[in-house]
Every structure is written in structure tokens, then in C-alpha cells.
Amino acid sequence: MTAPLTLLDKLWSSHEITRRDDGVSLLWVDRHLVHEGSHHAFAKLADRGLRVAEPSLTLAVTDHYAPVRNRETGGSTKQIREMVDRLRRNAAAHDITLLGLDDPRQGIVHVVGPELGLTLPGLSINCGDSHTSTHGAFGALAFGIGATEVAHVLATQTIWQKKPPVMRLRFTGRLGPGVGAKDLALNWIARLGADSARGHALEYAGPVVEAFSMEARMTLCNLSIEGGARFGMIAPDTATSTYVEGRTFAPKGQALERAKAAWGELNSDTDAEFSREASFDAAEIAPIVTWGTRPDQAAPVTSSVPGHASDALEYMDLRAGQPLDGIPVDQVFIGSCTNARIEDLRAAAAVLSGRRSRVPGMIAPGSMAVKRQAEEEGLDQIFISAGLEWVSAGCSMCVGMNGDQVGPGKRCASTTNRNFRGRQGPGARTHLMSPAMVAAAAVTGTITDVRPMLAGREVA
Amino acid sequence: MTGWTVHSGRAVSLPLDGVDTDQIIPARFMSQPRSAGYGEFLLHDMRQDPGFPLDAPAAQGASVLVSGRNFGSGSSREAAVYALVDAGFCAVIAPSFGDIFSANAVNNGLAPIQLSKAEVDLLHSQISAGTSSVDLDLEAGSLSLGRTSFEFSLDPVWTQKLIEGWDDIDLTHAWTATIAEFRKADRTARDWAWPKCGPD
Ligand code: SF4
């Protein structure tokens, strides 16, 4: 009898080229995604006169520095234009397909991969970005890497990695209305801690995850790194193959049949052992917002700022004991690889429809394809009528590299993934929450429980 | 990259938990080529505070940074490691580190040394009491600050990489034939995994 295997075991063994005596494996990389930030890795390659080993397994996307308005300028400063152009030159020099600013397929790398069918169950996917765990939503072995590792993947299409132990998070029960994947993720991170999954791969399971759409699964896996894990994954099922089928680069015909047979094996065996497990009852979860400067400094919107005076509270200009509901915000942002897919925009539109935003804000769709779809559904009109700015696709205010920043001391309700000091701009104060919650904050101008605002409305 | 085994230098204390990569190097500096030197970007925005520990006269020339829990959490930006290395650091000591940060650190000769919280707290208090001379030995897994010694265990793979100054790309070339064999077999076994446009 063979020992029961976890999903990670199965993904690992199908990509392991060799394992050294010290236990480190050399893994084959099926897809390598690069962006403007990968310039250090290309420079390392150039220093050694090396070529990209597998250009056809490599995709370059302009996202981190992408201007989301006035695209024709190529960026608002010389430095930004240079970053955008440097990626173009590196991609051209190495025959890598580039989804640049004028490409209708352009978008945030973790939104675009799945959209194009480049992300598939059973693949190994790397990118020089810590939110690469997003692709694990398809049952892929996906993890973020640093520039030295990016250079290694470019040069060899492989990566050295030690297999981590697996921590399984199970979500049971039913999520209440107005509560979604973002709340689920911030909830477990707040309860277990921002470094709780350090050194582990996460597998998400349970009826709540099974009932999730692919978009919701991506949000959940995306935030794995915010709990300390480099990998997050979910076993593929029919929802996964339904999403994938028919996409540009997805297998077709006979190859698809063979793929589906392989994908059917991609789950943890019933009696597989996990190094750690935790279980959560979804019914207990209320919409969550962050109050501090780490993603685990988060609490239900119905509660108060916890703890005692601290550096984080000073930075955020909040008092312990102050109710979260009612904290005024200066602006809102809906965007990022965490929450800018079509479902996220629908959830925000369900709240904003027929209402006005009291504060300025911006909505940056995750990709140009998401943008087109939202416009077909008329969501852009809802956002514009609410007084919010509807722009093109890119990382934008998630990280501020393209110049879109939250001003010093300003408070932003944001659908992004990091509330670190200065993440959205020097001195910026970020409150992370779901798209529906950001929409509610826009309407009232304060952090607000979205649930009563959904009464009588159709929620996607 | 040149490797190192022992180091004698001075330690500086930054007793904060969760010093994340966005603080270690704010995003706006990351478009510079490495040759520009990343040292001056290190913890740039935090350093605007007068009295920031790294800017104290006693901290000048420090090469070992002692910090708090979950150091280097957050993004995969290797620039965070460049900033530390270019500012002259060769080791960071903390109760825990972000996973990607540690991997990036080892790839650039920066040792991420984990000690217990109690040990790290002791280091902080000794440094603030004026002791800063530190000795590190990667091979022995030992560290001493003034007259107090500590033992640490670094992943043996990382220790070896730091000591040899190894570069993975060079190492992997030894496996070129094995990789080629894997690739060939995989194209048949998992033909569906290779990207295609249009029907097959
Ligand atoms: S949207 Fe934010 S987190 Fe996602 S890839 Fe872009 S910068 Fe990184």
C-alpha cells in the first residue's frame, strides 16, 4: 500500500527533476511570469551573457508601473516610462511575448495568467511577486520568488526549492450575505497571525471553499503570503475545469481530455496527513477591516479597535476602543490582484448602484478584459455615476509605483492586500477590506458595515 | 558573490516587530539599477524620524542588524536585501523572518539568523546598554555579543551557500542533461501542460 499523499506531494513529484542529498529539489517550471520589476534578473542574465531558456513558457506583463490613465504617454514620469520601456526591451531581446500597455490582454499578472488559460491545474508557476500564490486556486504549484531566483528560472526553466510541510485550513458552515473570500482570509490571518503559516504551504479546503467561484478562490489563495505562506492551493474540481476550458492557451480536444484525467487526481488523499490543521466556521465571520499596519491587525467591522496604544495606532491615528464602524475615510480604492476581478466589481456595483460616493476614489480593473466585461455589464456607468474614477488595468494604488498614491496622512479604504506603513504612499493610512465594504465606505464616507446596505438588492 | 564563514563587527538594534519589505525599501526606489547602490534607500521613510537607531553615531559602520518578529515579511522584492547588503550588513538576527526574504538574503550573502524571542530581547537590551561588538561563526552556528554567547541553527543548505558564496545558476549547469531528459519525457507525458493556441 502506498502512503496517502497530499495535493502538494502530487504537484511536487510531477515537477521534481532531481533531489539533492540535502533534501532540496530541482523543480521544472511550467510557466514563468515576469513584469517591470524583473529588471534586476534580466540584468543578471546580461552580466553573464545568458539567454532565456524557454521563451515560450515565459510571459511578460506590464502591470506594476502601468499608467492607468493617459496610457499614450507611457507613464507620468521619466523613471516610470523607463521601467515600462525596459521590460519591452528585455522581452524583445529574449523573444518573450509581452502584454504591454497597448495590448488588449494587458492586466495584472495574476489576473491575466488565469484569464488566458496559461494558469492550469497541475502546473508549476513562478513569478517575481509574492502574490503568485493566487494561481494555486487552480491546483497549481505557484510561488513568488526573488530576483536571483527569477534569473535562475529565466536561465534554466527550473528552481531549487525544499518541499515545505503543509498546513490545511478548512472552512465549514455558510458565509452570511455580504461576507466573502476577503473576509474569510483576513479573519484567519487575524486569528492565527501574519507569520502563522511561515515555512508552510497552505491548502484550503472544506465546503465553503468548494462552493466558491474561481474568483473567490483566487482572492483566498492570493492572501496566503499575508499569513506567511509562500504557497496556497485548492484542489481543482469541475468549477476549475469549467473556468479553464476554451481559454486562449488552455489545452483543447484530445489534449484537454488527457489534462482533465490528470487533474482528476489532484487532491489530497482522504487519509493524508498534514503538519498542521485549523478549522473555521464561516457562519461566525462578519465583514473584516484592518485597523493597523499589518494584515493580521484586523477585526470585524462590528467591533472596536482592539489592544492598547501602540506605534501602529499612532501611525493610523486611531485610539484603542474606538468603534471601527464610523471611522471617516478620505478616499477609496478598488483594485489589485486580490480584488479587481469581475465578481469583485459586481459586488462593489451592487452597493454603489443608485448611490453617490462621499469621497473621491478610483476603480482600477484587474485586466483590460475585466474592464471590457464590466463595461458590457454597465458597471462602469454605476461607478462613474457614483462619482468614482474608472481607469485602465494595472497595480496602480496597491503599491503606488505608477505614481497613483494615497497622500501623507490620508486614510484609504482599499481592496488591496497590504496595509504596511507607506505601502500606498509615504504616510498613507490603509484599511484593507472587501470590495463591497469599500463601496459601503465610499457611500457613507466612513468605515461601515455593508450588510444593511444590501437590503433589497441583488448581490452577485 | 564571495562567501564568508566568520565575521566580527558591530551590531545595531531595531527592536520592532514586523519590519516589512515595504519599509525596508519603499517601492519608489526599486527602479534603480543595482550598480547605483541601494544602501541609502534602507528603511528610508522610517529614517525621517530624528533619533532613528540606525542613524545614531554608535550605529555607524554596523554590520549586524538585530530586529523583531517576522522581519522581512511581505513582498518578494530582493531590493530589500540589496538595501541591507549595500548598507554594509552581512547578518540580520530576529525571532522569525518572512520566507521569501530569507531565501533572497541567502542568495546575496546576508545571513538570516533566527534566535528565540528571549535571546533576541537580551541582545536588544545589551546593545542599548552599550555593548555592540559581535562575532559570528556560520560553520559553528555561534554568535557572541560582548561576553554573551548564543547558538543558532541555520538550514545546512543555506549555511553552505553563504560559506561558499554559491550561485545557483552555476550549480544547476551540472544538471543540464538531467533537465533536458525531464523536459523531453514531460512533453510526452504532460503534453497538455505545454501552451498551445488553437485546436490540436
Ligand atoms: S496588484 Fe499589488 S500585490 Fe498584486 S501584483 Fe500588483 S503590486 Fe503586487
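Novice: Teacher, can you tell me more about the overall build of chain A here?
Specialist: For chain A, the count of helices and strands is 15 helices and 19 strands. What you see for chain A is a C-alpha radius of gyration of 21 Å, in line with the 23 Å of a compact globule of 460 residues. Reported as C-alpha extents along the three principal axes, the dimensions of chain A are approximately 55 × 55 × 45 Å. In chain A, the share of contacts with a sequence separation of at least 24, taken over all contacts with a separation of at least 6, comes to 74%. Surface accessibility of chain A: about 15,200 Å² in total, with carbon and sulfur atoms responsible for 49%. Put simply, chain A has 47 plus and 50 minus side-chain charges, and the middle of one group is 4 Å from the middle of the other.

Novice: What is the right way to look at the overall build of chain B in this model?
Specialist: Along chain B, the regular secondary structure elements total seven helices and seven strands. Taken from the N to the C terminus, the helices and strands of chain B come in the order β-α-β-α-β-α-β-α-β-β-β-α-α-α. Overall, the C-alpha framework of chain B stretches about 70 × 40 × 30 Å when taken along its three principal axes. Look at the contacts in chain B between residues 6 or more apart in sequence, and 66% of them connect residues 24 or more apart. Here chain B has roughly 8,400 Å² of accessible surface; of this, 52% comes from carbon and sulfur atoms. Of the side-chain charges in chain B, 14 are positive and 25 negative, and the distance between the mean point of each set is 5 Å.

Novice: For this particular structure, what's the right way to read the site of the ligand?
Specialist: Residue and element names in this part refer to chain A. Around the ligand, the structure places His64, Ile108, His110, Asp129, His131, Ser336, Cys337, Cys395, Cys398, Val399, Asn417 and Arg423. When atoms are counted within 2 Å of each cavity's grid points, the one that captures over half of the ligand is the largest cavity. Considered class by class, the residues forming the shell around the ligand number five nonpolar, five polar and two charged.

Novice: Before we go on, may I ask you to explain helix H13 (residues 368-376) of chain A in this structure?
Specialist: In an α-helix, one turn spans 3.6 residues, which is why side chains three or four residues apart end up on the same side. All names here are of chain A. Within H13 the residues assigned to the buried category are Met368, Val370, Lys371 and Ala374. Buried residues along H13 cover an arc of 155° about the axis, so they all sit on one side. Where H13 begins, the side chain of Ser367 points an oxygen toward the backbone nitrogen of Ala369, at a separation of 3.3 Å. Immediately beyond the C-terminal end of H13, within one or two residues, lies Gly378, with a positive phi of roughly 80°.

Novice: Sorry, what's going on with the environment of B:Met46 here?
Specialist: All names here are of chain B. In this fold, Met46 is placed in the loop between helix H1 (21-24) and strand S2 (64-66). Taking the C-alpha atoms as reference points, Met46 and Ile24, 22 residues apart in sequence, are found 8.7 Å from one another. If near-sequence neighbours (up to four positions away) are discounted, Met46 is found in contact with Leu16, Gln23 and Phe52.

Reading guide: rules and limits
Residues numbered from 1 in each chain as written. Chains lettered and ligands numbered in written order. Predicted model: local features only at pLDDT ≥ 70, side-chain atom pairs only at ≥ 80, totals over all residues. Heavy atoms only, no water. Helix = DSSP H or I, 4+ residues; strand = E, 2+ residues; numbered from the N terminus. Rg over C-alpha atoms; globule rule 2.2 N^0.38 Å. Contact = heavy atoms within 4.5 Å. Areas by Shrake-Rupley, 256 points an atom, 1.4 Å probe, with all protein chains shown as cover. Lys, Arg positive; Asp, Glu negative; His and termini not counted. Charge placed at Lys NZ, Arg CZ, Asp CG, Glu CD. Near = heavy atom within 4 Å. 1 Å grid on protein atoms, 1.4 Å probe; cavity = no way out; pocket = protein on both sides within 12 Å on 5 of 7 lines; lining within 4 Å. Sits in = over half its atoms within 2 Å of the grid points. Nonpolar A, V, L, I, M, F, W, Y, C, P; charged D, E, K, R; others polar. Buried < 20%, exposed > 50% of the residue type's maximum accessible area, 1.4 Å probe, protein only. Arc of directions from axis to C-beta. Polar contact = N/O pair within 3.5 Å; in protein donor to acceptor, adjacent residues only side chain to side chain.

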